[in-house]
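For reference, the chains in residue letters:
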Amino acid sequence: EAEPGNEEAASGLAAALYEGGKADEAEKVLLNALEVNPGSAVLWNDLGVVRMVRRDFSGAVEALHKALTLEKPPETTKTNLERAEQLLALDRAAS
């Protein structure tokens with residue numbers, strides 16, 4: 001279990017869980033870490049990616065928008081946001 005205050009450890013643990021098919025657990029790790037470190041663009045970006053995997057596209061868009069408002073978001077954040085917005089639009093069109 002990662003220390004919630006350690007951004008790098010929380011991000012790494014979440015990635016390992018997500019890659020191991022445990023996206024629900026990855027989201028919990030990230031939410032716990034964000035309680036301690038709400039200004040982490042890396043953690044918000046990771047949360048957006050995990051929410052896309054979980055098909056929570058509106059939650060993904062929200063998390064990725066938050067990441068972009070913070071200092072030094074990962075380079076992939078804009079691309080992730082575009083993808084989440086596309087998936088959200090497709091999901092809404094299908095329902």
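Just above sits the structure.
Keep in mind it's a predicted model, so treat the numbers as computed, not measured. (Residues numbered from 1 in each chain as written. Predicted model: local features only at pLDDT ≥ 70, side-chain atom pairs only at ≥ 80, totals over all residues. Heavy atoms only, no water.)

## A short note on the overall build of the chain
- When you go through the chain residue by residue, the secondary structure sums to five helices and zero strands.
- Counting from the amino terminus, helix and strand elements in the chain follow one another as α-α-α-α-α.
- Rg of the C-alpha trace for the chain: 13 Å, near the compact-globule value of 12 Å for 95 residues, within the 12% margin.
- The C-alpha extent of the chain, read off along each of the three principal axes, is 40 × 30 × 20 Å. (Helix = DSSP H or I, 4+ residues; strand = E, 2+ residues; numbered from the N terminus. Rg over C-alpha atoms; globule rule 2.2 N^0.38 Å.)

## Some remarks on the pattern of salt bridges
- Overall, the coordinates contain five salt bridges when judged by the stated rule.
- As a salt-bridge pair, Arg-54 and Asp-24 come within 2.6 Å of each other at their nearest N and O atoms. Note that Arg-54 is positioned in the loop between helix 3 (41-53) and helix 4 (57-69) and Asp-24 in helix 2 (residues 23-36), a separation of 30 residues in sequence.
- Relative accessible area serves as the criterion here: at 45%, Asp-24 is assigned to the partly exposed category.
- Measuring nitrogen to oxygen at the nearest pair gives 2.1 Å for the salt bridge that ties Glu-27 to Arg-54. One end of the pair, Glu-27, is in helix 2; the other, Arg-54, is in the loop between helix 3 and helix 4, and 27 residues separate them in sequence.
- Ionic contacts of the salt-bridge type, sharing partners, join the residues Asp-24, Glu-27, Arg-51, Arg-54 and Asp-56 into one network. (Salt bridge = Lys/Arg side-chain N within 4 Å of Asp/Glu carboxyl O. Buried < 20%, exposed > 50% of the residue type's maximum accessible area, 1.4 Å probe, protein only.)

## A word on the packing of helix 2 against helix 3
- Across the interface, helix 2 lies against helix 3 with an axial gap of 9 Å and an inter-helix angle of 155°. When the interaxial angle is binned, helix 2 and helix 3 end up roughly antiparallel. As helix 2 packs across helix 3, the resulting crossing turns out to be left-handed. Of helix 3, the residues touching helix 2 (which contributes Ala-23, Ala-26, Glu-27, Leu-30, Leu-31, Ala-33 and Leu-34) are Leu-43, Trp-44, Asp-46, Leu-47, Val-50, Arg-51 and Val-53.
- Residues that form the contact of helix 2 with helix 3 fall into these classes: eleven nonpolar, no polar and three charged. (Axes fitted to C-alpha atoms, helices over the stretch in contact; angles between N-to-C directions. Parallel < 35°, antiparallel > 145°, perpendicular 65-115°, else oblique. Left-handed = near helix turned anticlockwise from the far one by under 90°. Contact = heavy atoms within 4.5 Å. Nonpolar A, V, L, I, M, F, W, Y, C, P; charged D, E, K, R; others polar.)

## A look at helix 1 (residues 7-19)
- The end-to-end C-alpha distance of helix 1 is 18 Å, a good match for the 18 Å that 13 residues give at a rise of 1.5 Å each.
- Buried within helix 1 are the following residues: Ala-10, Ser-11, Ala-14 and Leu-17. In a view along the axis of helix 1, the buried residues occupy a sector of 130°, so they form one face of it. More than 90 degrees from the buried face of helix 1, the exposed residues found are Glu-8 and Glu-19.
- Looking at the packing, one finds that the buried side of helix 1 touches helix 2 and helix 3.
- Two residues or fewer past helix 1, Gly-21 is found with a positive phi of approximately 80°. (Expected span 1.5 Å × (residues − 1). Arc of directions from axis to C-beta.)

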